Amino acid sequence: MKQLSKCKLIEQNCCQDIIYEQELISRIDHPFIVPLNFSFQDKDYLYMVYDLMSGGDLRYWYIQKKHFNEKECKFFVACMILGLEYLHSNKIIHRDLKPENILFDKNGYVHITDFGISMQLNNEEYIIHVSGSPGYMSPEAIFKEKHSYVSDFFSLGVVCYEMMLKRRPYIGKNRQEIKDKMSKEQVSIKKNEIPKGWSSQCADFINKLLIKTPENRLGYKGISELKFHPWLRYYDWKLTYLKREKAPFIPPNKVICSEDNAGQGRKDSNSAKYKKIKQSEIYKTAFADYQYFNKHSIKCQQKLKKFTNPHLFYNEIEKKEQAFKLISTKIDDKIKDNNKKRIASVSPVKAIKTKILGNKHQSTRKITYQEGDDFQPQIVKLNLVKVDLRKASIDQ
(Lines give C-alpha, C1' and ligand atoms only; values in the text may rest on other atoms or scores of the structure.)
Protein backbone atom coordinates (compact mmCIF):
# COMPACT_ATOMS: atom_id res chain seq x y z
CA MET A 1 0.00 0.00 0.00
CA LYS A 2 1.26 3.43 -0.97
CA GLN A 3 0.48 6.17 1.57
CA LEU A 4 0.75 9.83 0.57
CA SER A 5 0.34 12.88 2.80
CA LYS A 6 -2.12 15.42 1.39
CA CYS A 7 -0.26 18.28 3.07
CA LYS A 8 3.07 17.28 1.55
CA LEU A 9 1.54 16.89 -1.90
CA ILE A 10 0.05 20.39 -1.68
CA GLU A 11 3.30 21.81 -0.31
CA GLN A 12 5.30 20.28 -3.17
CA ASN A 13 2.65 21.23 -5.74
CA CYS A 14 2.18 17.58 -6.76
CA CYS A 15 -1.62 17.29 -6.54
CA GLN A 16 -2.14 16.93 -10.28
CA ASP A 17 0.78 14.51 -10.56
CA ILE A 18 -0.69 11.99 -8.12
CA ILE A 19 -4.13 12.22 -9.73
CA TYR A 20 -2.51 11.67 -13.14
CA GLU A 21 -0.63 8.63 -11.77
CA GLN A 22 -3.86 7.12 -10.45
CA GLU A 23 -5.66 7.64 -13.75
CA LEU A 24 -2.74 6.22 -15.71
CA ILE A 25 -2.18 3.07 -13.65
CA SER A 26 -5.93 2.36 -13.51
CA ARG A 27 -5.90 1.90 -17.31
CA ILE A 28 -2.91 -0.46 -17.32
CA ASP A 29 -3.48 -4.22 -17.38
CA HIS A 30 -0.50 -6.51 -17.98
CA PRO A 31 0.94 -9.64 -16.26
CA PHE A 32 4.30 -7.94 -15.56
CA ILE A 33 3.03 -4.62 -14.24
CA VAL A 34 1.81 -4.35 -10.64
CA PRO A 35 -1.94 -3.54 -10.88
CA LEU A 36 -3.75 -0.97 -8.80
CA ASN A 37 -6.65 -2.65 -6.99
CA PHE A 38 -8.24 0.40 -5.42
CA SER A 39 -7.47 3.81 -3.99
CA PHE A 40 -9.14 5.81 -1.24
CA GLN A 41 -8.48 8.62 1.21
CA ASP A 42 -9.02 9.78 4.76
CA LYS A 43 -8.77 13.31 6.15
CA ASP A 44 -4.93 13.32 6.05
CA TYR A 45 -3.76 10.76 3.48
CA LEU A 46 -4.26 9.23 0.08
CA TYR A 47 -3.88 5.47 -0.27
CA MET A 48 -3.12 3.30 -3.29
CA VAL A 49 -3.45 -0.47 -2.79
CA TYR A 50 -1.65 -2.77 -5.22
CA ASP A 51 -1.24 -6.53 -5.55
CA LEU A 52 1.10 -7.91 -2.91
CA MET A 53 4.56 -8.68 -4.28
CA SER A 54 5.90 -10.83 -1.44
CA GLY A 55 9.35 -11.41 -2.94
CA GLY A 56 10.65 -7.90 -2.28
CA ASP A 57 12.38 -5.68 -4.84
CA LEU A 58 15.58 -6.16 -6.79
CA ARG A 59 17.43 -3.66 -4.58
CA TYR A 60 16.61 -5.76 -1.53
CA TRP A 61 18.41 -8.74 -3.06
CA TYR A 62 21.41 -6.58 -3.96
CA ILE A 63 21.67 -5.65 -0.27
CA GLN A 64 21.30 -9.30 0.71
CA LYS A 65 24.45 -10.01 -1.32
CA LYS A 66 22.55 -12.11 -3.80
CA HIS A 67 24.76 -12.67 -6.86
CA PHE A 68 22.55 -13.25 -9.88
CA ASN A 69 23.75 -15.42 -12.73
CA GLU A 70 23.17 -14.91 -16.44
CA LYS A 71 20.17 -17.25 -16.61
CA GLU A 72 18.42 -15.31 -13.86
CA CYS A 73 19.32 -11.99 -15.47
CA LYS A 74 17.92 -13.10 -18.83
CA PHE A 75 14.64 -14.15 -17.22
CA PHE A 76 14.28 -10.82 -15.38
CA VAL A 77 15.09 -8.88 -18.56
CA ALA A 78 12.49 -10.86 -20.51
CA CYS A 79 9.77 -9.98 -17.98
CA MET A 80 10.76 -6.31 -18.06
CA ILE A 81 10.87 -6.21 -21.87
CA LEU A 82 7.34 -7.64 -22.07
CA GLY A 83 6.16 -5.00 -19.60
CA LEU A 84 7.90 -2.17 -21.47
CA GLU A 85 6.57 -3.45 -24.79
CA TYR A 86 3.03 -3.10 -23.45
CA LEU A 87 3.69 0.39 -22.07
CA HIS A 88 5.33 1.67 -25.24
CA SER A 89 2.55 0.23 -27.41
CA ASN A 90 0.20 2.41 -25.36
CA LYS A 91 2.51 5.44 -25.74
CA ILE A 92 3.61 5.36 -22.09
CA ILE A 93 7.21 6.09 -21.03
CA HIS A 94 8.02 4.73 -17.57
CA ARG A 95 11.04 7.03 -17.00
CA ASP A 96 12.04 5.54 -13.63
CA LEU A 97 13.10 1.94 -14.23
CA LYS A 98 15.44 0.97 -11.38
CA PRO A 99 15.90 -1.96 -8.92
CA GLU A 100 13.54 -0.38 -6.35
CA ASN A 101 10.74 -0.44 -8.92
CA ILE A 102 11.24 -4.06 -9.98
CA LEU A 103 9.29 -6.34 -7.65
CA PHE A 104 9.22 -10.13 -7.26
CA ASP A 105 6.05 -12.13 -6.75
CA LYS A 106 6.00 -15.37 -4.78
CA ASN A 107 6.81 -17.40 -7.93
CA GLY A 108 9.91 -15.40 -8.89
CA TYR A 109 8.42 -13.35 -11.73
CA VAL A 110 9.35 -9.68 -11.75
CA HIS A 111 6.89 -6.81 -12.18
CA ILE A 112 7.33 -3.11 -12.95
CA THR A 113 5.79 -0.62 -10.53
CA ASP A 114 5.76 3.09 -9.57
CA PHE A 115 4.33 5.30 -12.33
CA GLY A 116 4.77 8.50 -10.36
CA ILE A 117 6.76 10.25 -13.10
CA SER A 118 5.57 8.23 -16.10
CA MET A 119 4.11 10.11 -19.05
CA GLN A 120 1.79 9.16 -21.86
CA LEU A 121 2.50 10.76 -25.23
CA ASN A 122 -0.43 11.95 -27.30
CA ASN A 123 0.53 13.57 -30.57
CA GLU A 124 4.06 14.33 -29.42
CA GLU A 125 6.98 12.09 -30.28
CA TYR A 126 9.17 13.14 -27.37
CA ILE A 127 9.23 14.98 -24.03
CA ILE A 128 11.68 17.40 -22.42
CA HIS A 129 10.44 17.33 -18.82
CA VAL A 130 13.32 16.20 -16.56
CA SER A 131 12.66 13.77 -13.72
CA GLY A 132 13.96 10.43 -12.49
CA SER A 133 16.78 8.78 -10.55
CA PRO A 134 20.12 10.22 -11.75
CA GLY A 135 22.00 6.91 -11.66
CA TYR A 136 19.48 5.31 -14.05
CA MET A 137 18.47 8.28 -16.23
CA SER A 138 19.46 8.32 -19.86
CA PRO A 139 21.95 11.00 -21.01
CA GLU A 140 19.31 12.79 -23.09
CA ALA A 141 17.00 12.98 -20.05
CA ILE A 142 19.60 14.11 -17.53
CA PHE A 143 20.89 16.78 -19.95
CA LYS A 144 17.34 18.11 -20.48
CA GLU A 145 17.16 17.11 -24.13
CA LYS A 146 14.31 15.60 -26.11
CA HIS A 147 13.76 11.97 -25.12
CA SER A 148 11.27 9.22 -25.80
CA TYR A 149 10.74 5.45 -25.34
CA VAL A 150 14.38 4.60 -26.00
CA SER A 151 15.26 6.28 -22.67
CA ASP A 152 13.66 3.32 -20.87
CA PHE A 153 16.08 0.99 -22.67
CA PHE A 154 19.08 2.89 -21.28
CA SER A 155 17.65 2.41 -17.77
CA LEU A 156 17.20 -1.29 -18.53
CA GLY A 157 20.85 -1.44 -19.57
CA VAL A 158 21.93 0.13 -16.27
CA VAL A 159 19.90 -2.48 -14.34
CA CYS A 160 21.53 -5.30 -16.35
CA TYR A 161 25.00 -3.76 -15.92
CA GLU A 162 24.44 -3.66 -12.16
CA MET A 163 23.35 -7.30 -12.10
CA MET A 164 26.48 -8.38 -13.95
CA LEU A 165 29.18 -6.19 -12.35
CA LYS A 166 27.41 -5.23 -9.07
CA ARG A 167 27.87 -1.50 -9.70
CA ARG A 168 26.30 1.19 -11.85
CA PRO A 169 28.09 2.41 -15.00
CA TYR A 170 28.09 6.07 -13.91
CA ILE A 171 28.59 6.72 -10.20
CA GLY A 172 28.56 10.10 -8.48
CA LYS A 173 27.58 11.73 -5.21
CA ASN A 174 25.04 13.94 -6.95
CA ARG A 175 23.45 14.57 -10.31
CA GLN A 176 26.17 16.97 -11.46
CA GLU A 177 28.96 14.43 -10.89
CA ILE A 178 27.02 11.83 -12.87
CA LYS A 179 26.47 14.34 -15.71
CA ASP A 180 30.20 15.14 -15.78
CA LYS A 181 31.14 11.48 -16.09
CA MET A 182 28.55 10.91 -18.81
CA SER A 183 29.87 13.81 -20.85
CA LYS A 184 33.47 12.59 -20.63
CA GLU A 185 33.24 8.86 -21.33
CA GLN A 186 31.20 6.08 -22.90
CA VAL A 187 31.02 3.20 -20.46
CA SER A 188 31.10 -0.32 -21.89
CA ILE A 189 31.88 -3.79 -20.58
CA LYS A 190 35.31 -4.95 -21.75
CA LYS A 191 35.98 -8.58 -22.57
CA ASN A 192 38.26 -9.02 -19.55
CA GLU A 193 35.55 -7.58 -17.28
CA ILE A 194 32.95 -10.22 -18.10
CA PRO A 195 32.45 -12.39 -14.97
CA LYS A 196 32.80 -16.13 -15.09
CA GLY A 197 29.62 -17.80 -16.25
CA TRP A 198 28.44 -14.79 -18.30
CA SER A 199 28.52 -14.72 -22.10
CA SER A 200 29.92 -12.10 -24.45
CA GLN A 201 26.47 -11.86 -26.07
CA CYS A 202 25.02 -10.63 -22.78
CA ALA A 203 27.80 -8.04 -22.49
CA ASP A 204 27.13 -6.89 -26.06
CA PHE A 205 23.41 -6.56 -25.29
CA ILE A 206 24.17 -4.35 -22.27
CA ASN A 207 26.76 -2.26 -24.14
CA LYS A 208 24.31 -1.48 -26.93
CA LEU A 209 21.67 -0.39 -24.42
CA LEU A 210 24.16 1.98 -22.75
CA ILE A 211 25.10 3.88 -25.92
CA LYS A 212 24.75 7.56 -25.11
CA THR A 213 23.40 8.64 -28.50
CA PRO A 214 19.70 7.62 -28.68
CA GLU A 215 19.77 7.13 -32.47
CA ASN A 216 22.54 4.51 -32.11
CA ARG A 217 21.09 2.78 -29.05
CA LEU A 218 19.56 -0.68 -29.26
CA GLY A 219 15.79 -0.30 -29.45
CA TYR A 220 15.71 3.05 -31.25
CA LYS A 221 13.77 1.47 -34.13
CA GLY A 222 11.49 -0.42 -31.78
CA ILE A 223 11.58 -2.92 -28.94
CA SER A 224 11.80 -5.78 -31.45
CA GLU A 225 15.50 -4.90 -31.78
CA LEU A 226 15.95 -6.09 -28.19
CA LYS A 227 13.94 -9.28 -28.74
CA PHE A 228 15.93 -10.20 -31.86
CA HIS A 229 19.36 -9.49 -30.40
CA PRO A 230 21.51 -12.67 -30.45
CA TRP A 231 21.29 -12.91 -26.65
CA LEU A 232 17.47 -13.15 -26.75
CA ARG A 233 16.79 -14.30 -30.31
CA TYR A 234 15.73 -17.82 -29.36
CA TYR A 235 14.00 -16.96 -26.10
CA ASP A 236 10.50 -18.44 -25.61
CA TRP A 237 8.51 -15.24 -25.01
CA LYS A 238 5.12 -16.94 -25.03
CA LEU A 239 6.07 -19.32 -22.23
CA THR A 240 7.18 -16.42 -20.04
CA TYR A 241 4.17 -14.26 -20.89
CA LEU A 242 1.78 -17.06 -19.86
CA LYS A 243 3.85 -17.64 -16.69
CA ARG A 244 4.26 -21.33 -17.44
CA GLU A 245 8.02 -21.25 -17.01
CA LYS A 246 9.60 -21.97 -13.66
CA ALA A 247 11.54 -18.93 -12.55
CA PRO A 248 15.27 -19.56 -12.05
CA PHE A 249 15.20 -17.59 -8.79
CA ILE A 250 12.28 -17.95 -6.35
CA PRO A 251 12.36 -15.76 -3.23
CA PRO A 252 11.98 -17.47 0.16
CA ASN A 253 8.44 -18.08 1.32
CA LYS A 254 8.02 -14.95 3.41
CA VAL A 255 6.55 -11.50 3.00
CA ILE A 256 9.12 -8.75 2.60
CA CYS A 257 7.76 -5.31 3.45
CA SER A 258 9.32 -1.89 3.52
CA GLU A 259 9.83 -0.07 6.79
CA ASP A 260 6.58 1.17 8.29
CA ASN A 261 6.79 4.90 8.88
CA ALA A 262 3.07 5.64 8.94
CA GLY A 263 3.21 6.69 12.58
CA GLN A 264 5.85 9.32 11.90
CA GLY A 265 3.82 10.59 8.97
CA ARG A 266 0.74 11.15 11.12
CA LYS A 267 2.85 13.00 13.67
CA ASP A 268 4.13 15.32 10.95
CA SER A 269 0.63 15.91 9.59
CA ASN A 270 -0.38 17.48 12.90
CA SER A 271 2.51 19.95 12.95
CA ALA A 272 1.93 23.71 12.91
CA LYS A 273 3.27 23.97 9.35
CA TYR A 274 0.52 21.74 8.00
CA LYS A 275 -2.36 23.11 10.06
CA LYS A 276 -2.48 26.18 7.85
CA ILE A 277 -2.56 24.02 4.72
CA LYS A 278 -5.49 22.03 6.12
CA GLN A 279 -7.48 25.22 6.49
CA SER A 280 -6.93 26.25 2.87
CA GLU A 281 -9.52 25.81 0.14
CA ILE A 282 -7.24 23.66 -2.04
CA TYR A 283 -6.99 21.09 0.76
CA LYS A 284 -10.76 20.63 0.61
CA THR A 285 -11.11 20.43 -3.17
CA ALA A 286 -7.86 19.06 -4.65
CA PHE A 287 -8.63 15.38 -3.96
CA ALA A 288 -12.44 15.44 -4.03
CA ASP A 289 -12.69 12.75 -6.72
CA TYR A 290 -9.74 10.64 -5.62
CA GLN A 291 -11.02 7.06 -5.52
CA TYR A 292 -10.80 3.96 -7.67
CA PHE A 293 -12.04 0.38 -7.47
CA ASN A 294 -10.84 -2.44 -9.71
CA LYS A 295 -13.88 -4.65 -10.33
CA HIS A 296 -11.66 -7.66 -11.11
CA SER A 297 -10.01 -7.56 -7.68
CA ILE A 298 -12.23 -9.99 -5.77
CA LYS A 299 -9.70 -10.51 -3.00
CA CYS A 300 -10.28 -6.97 -1.77
CA GLN A 301 -14.05 -7.25 -1.40
CA GLN A 302 -14.24 -8.48 2.16
CA LYS A 303 -12.21 -5.51 3.39
CA LEU A 304 -14.42 -2.96 1.63
CA LYS A 305 -17.76 -3.38 3.39
CA LYS A 306 -18.20 0.37 3.79
CA PHE A 307 -17.85 0.97 0.05
CA THR A 308 -21.06 1.14 -1.97
CA ASN A 309 -20.23 -1.14 -4.87
CA PRO A 310 -22.43 -3.86 -6.43
CA HIS A 311 -19.56 -6.36 -6.34
CA LEU A 312 -19.59 -6.31 -2.54
CA PHE A 313 -22.88 -8.19 -2.66
CA TYR A 314 -20.90 -11.42 -2.97
CA ASN A 315 -19.21 -11.07 0.44
CA GLU A 316 -21.34 -13.65 2.18
CA ILE A 317 -20.95 -16.14 -0.65
CA GLU A 318 -17.18 -15.80 -0.60
CA LYS A 319 -17.10 -16.41 3.16
CA LYS A 320 -18.99 -19.66 2.69
CA GLU A 321 -16.54 -20.78 0.06
CA GLN A 322 -13.64 -20.15 2.38
CA ALA A 323 -15.24 -22.54 4.87
CA PHE A 324 -15.41 -25.10 2.01
CA LYS A 325 -19.19 -25.44 2.30
CA LEU A 326 -21.82 -24.45 -0.19
CA ILE A 327 -25.53 -24.91 0.29
CA SER A 328 -27.54 -24.06 -2.77
CA THR A 329 -31.01 -24.42 -4.19
CA LYS A 330 -31.81 -25.12 -7.80
CA ILE A 331 -35.19 -24.72 -9.42
CA ASP A 332 -35.40 -26.07 -12.94
CA ASP A 333 -38.53 -25.12 -14.88
CA LYS A 334 -37.73 -27.68 -17.56
CA ILE A 335 -38.02 -30.57 -15.12
CA LYS A 336 -41.23 -31.21 -13.27
CA ASP A 337 -40.04 -31.71 -9.74
CA ASN A 338 -43.27 -31.03 -7.87
CA ASN A 339 -41.81 -27.67 -6.87
CA LYS A 340 -39.33 -29.37 -4.55
CA LYS A 341 -35.96 -27.75 -3.93
CA ARG A 342 -32.81 -29.76 -4.37
CA ILE A 343 -30.30 -29.18 -1.60
CA ALA A 344 -26.73 -30.21 -2.19
CA SER A 345 -23.84 -30.12 0.25
CA VAL A 346 -20.26 -30.17 -0.93
CA SER A 347 -17.38 -31.83 0.88
CA PRO A 348 -14.13 -29.86 1.48
CA VAL A 349 -11.92 -29.49 -1.58
CA LYS A 350 -8.40 -28.22 -2.07
CA ALA A 351 -9.06 -26.00 -5.09
CA ILE A 352 -12.18 -24.26 -6.37
CA LYS A 353 -12.38 -22.30 -9.60
CA THR A 354 -15.42 -20.05 -9.93
CA LYS A 355 -17.00 -17.85 -12.53
CA ILE A 356 -19.86 -15.49 -11.73
CA LEU A 357 -22.18 -13.94 -14.28
CA GLY A 358 -24.73 -11.58 -12.75
CA ASN A 359 -28.16 -10.42 -13.88
CA LYS A 360 -31.01 -8.63 -12.21
CA HIS A 361 -32.41 -11.30 -9.90
CA GLN A 362 -30.04 -14.23 -9.77
CA SER A 363 -26.50 -15.33 -10.54
CA THR A 364 -25.10 -18.44 -12.16
CA ARG A 365 -21.94 -19.94 -10.74
CA LYS A 366 -19.81 -22.57 -12.43
CA ILE A 367 -17.84 -24.71 -10.00
CA THR A 368 -15.03 -27.05 -11.04
CA TYR A 369 -13.86 -29.64 -8.53
CA GLN A 370 -10.84 -31.89 -8.34
CA GLU A 371 -11.10 -35.42 -9.63
CA GLY A 372 -12.12 -37.90 -6.99
CA ASP A 373 -14.69 -35.70 -5.24
CA ASP A 374 -17.92 -37.44 -4.28
CA PHE A 375 -20.15 -34.69 -5.66
CA GLN A 376 -19.36 -32.79 -8.86
CA PRO A 377 -22.14 -30.41 -9.91
CA GLN A 378 -21.50 -28.25 -12.97
CA ILE A 379 -24.07 -25.46 -12.73
CA VAL A 380 -25.67 -24.22 -9.52
CA LYS A 381 -28.22 -21.40 -9.53
CA LEU A 382 -28.44 -19.32 -6.37
CA ASN A 383 -31.61 -17.46 -5.48
CA LEU A 384 -30.47 -14.01 -4.41
CA VAL A 385 -32.22 -10.85 -3.27
CA LYS A 386 -33.18 -8.30 -5.88
CA VAL A 387 -30.01 -6.33 -6.53
CA ASP A 388 -29.13 -4.72 -9.83
CA LEU A 389 -26.09 -6.68 -11.03
CA ARG A 390 -26.37 -5.99 -14.74
CA LYS A 391 -23.14 -4.03 -14.69
CA ALA A 392 -21.30 -6.56 -12.58
CA SER A 393 -19.05 -9.14 -14.20
CA ILE A 394 -16.48 -10.83 -12.03
CA ASP A 395 -13.95 -13.41 -13.20
CA GLN A 396 -11.62 -15.39 -10.99
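Model, not experiment: these values are computed from the prediction. Every chain is numbered on its own, with residues counted from 1 as its sequence reads. Side-chain atom pairs in this predicted model are given and counted only at pLDDT of 80 or more, local residue features only at pLDDT of at least 70, and totals for whole chains, interfaces and linings cover all residues. Just so you know, side-chain values use all the structure's heavy atoms and leave hydrogens and water out.

We now examine the environment of Glu72. Think of it this way: any DSSP run of H or I at least four residues long counts as a helix, any run of E at least two long counts as a strand, and we number them from the N terminus. Mapped onto the fold, Glu72 is located in helix H4 (residues 70-89). On a C-alpha basis, the gap between Glu72 and Phe249 in space is 6.4 Å, while along the polypeptide they are 177 residues apart.

So, on to the side chain of Arg217. Here Arg217 lies in the loop between helix H8 (200-209) and helix H9 (224-227). Taking the relative accessible area as the measure of exposure, Arg217 reaches 2% and is therefore buried. Whenever two N or O atoms come within 3.5 Å, that pair is a polar contact, provided that in protein one can donate a hydrogen and the other can accept it, and provided that, for residues adjacent in sequence, both atoms are side-chain atoms. At a separation of 2.8 Å, a polar atom in the side chain of Arg217 contacts the main-chain carbonyl oxygen of Ile211. Those residues within four positions of Arg217 in sequence are excluded, and the remaining contacts are Ser138, Pro139, Glu140, Val150, Ser151, Phe154, Lys208, Leu209, Ile211, Lys212 and Glu225. Using a 1.4 Å probe on the protein chains alone, a residue whose accessible area is under 20% of its type maximum counts as buried, one over 50% counts as exposed, and one in between counts as partly exposed. What makes two residues a contact is simply this: any of their non-hydrogen atoms within 4.5 Å.

The next point concerns the packing of helix H6 (residues 150-165) against H8. What counts as an axis is a line fitted to C-alpha atoms, over the stretch in contact for a helix, and the angles between N-to-C directions run from 0 to 180 degrees. Look at H6 against H8: their axes get within 8 Å of each other, and the N-to-C directions meet at 140°. Here H6 is positioned oblique relative to H8, judged by the angle of their axes. When you trace H6 past H8, the crossing you get is left-handed. Residues Phe153, Phe154, Leu156, Gly157, Cys160, Tyr161 and Met164 of H6 form the contact with H8, whose participating residues are Cys202, Ala203, Ile206 and Leu209. Following the grouping adopted for this structure description, the nonpolar residues are Ala, Val, Leu, Ile, Met, Phe, Trp, Tyr, Cys and Pro, the charged ones are Asp, Glu, Lys and Arg, and the polar ones are all others, Gly among them. Partitioning the contact of H6 with H8 into residue classes produces 10 nonpolar, one polar and no charged. Reported orientations rely on four angle classes, namely roughly parallel under 35 degrees, roughly antiparallel over 145, roughly perpendicular from 65 to 115, and oblique for the rest. Less than a right angle of anticlockwise turn of the near helix away from the far helix marks a crossing as left-handed, whereas a clockwise turn marks it as right-handed.

It is worth spelling out the pattern of salt bridges at this point. Where side chains of opposite charge bring their charged atoms close, a pairing between them can arise. For this document, the term salt bridge refers to a Lys or Arg side-chain nitrogen within 4 Å of an Asp or Glu carboxyl oxygen. With the rule as written, the count across this model stands at eight salt bridges. Notably, a salt bridge pairs Glu21 with Lys2, separated by 3.0 Å at the nearest N-O pair. Of this pair, Glu21 sits in helix H2 (residues 15-26) while Lys2 is found in strand E1 (residues 2-5), placing the two residues 19 residues apart along the sequence. Since its relative accessible area comes to 3%, Glu21 is described here as buried. A relative accessible area of 24% places Lys2 in the partly exposed class. For Glu162, the salt bridge goes to Arg59, with nearest N and O atoms at 2.9 Å. Taken together, the residues span a long stretch of sequence, with Glu162 in helix H6 and Arg59 in helix H3 (residues 58-63) at a distance of 103 residues. Residue classification places Arg59 among the buried positions, given a relative accessible area of 18%. Several salt bridges share partner residues, and in doing so they unite Lys2, Glu21 and Asp114 into one network.

As for its placement among the helices and strands, Gln186 is situated in the loop between helix H7 (175-184) and H8. Gln186 gets classed as partly exposed once you look at its relative accessible area, which sits at 37%. Leaving out residues up to four positions away in the same chain, Gln186 has contacts with Tyr170, Leu210, Ile211 and Lys212. At 2.9 Å, the side chain of Gln186 forms a polar contact with the backbone oxygen of Leu210. One polar contact links the side chain of Gln186 to the main-chain amide nitrogen of Lys212, over a distance of 3.0 Å.

What follows is about H4. For a helix, the expected span equals 1.5 Å multiplied by the residue count minus one. The terminal C-alpha atoms of H4 lie 28 Å apart, and with 20 residues this matches the ideal 28 Å at 1.5 Å per residue to within 8%. Of all 20 residues in H4, 16 are buried, a share of seventy percent or more. After H4 finishes, the residue Lys91 shows a positive phi value of roughly 60°.

Right, let's talk about the confidence of the model for the protein chain for a bit. Predicted confidence across the protein chain gives a mean pLDDT of 76, with 67% of residues reaching 70 or more. Predicted confidence for residues 259-265 stays below pLDDT 50, and this span has three contacts to residues more than four positions away or in other chains. Each residue gets a pLDDT score, which is the predictor's confidence in that residue and runs from 0 to 100. pLDDT under 50 marks residues 323-396. Its contacts with residues more than four places away, or in other chains, come to 115 contacts.

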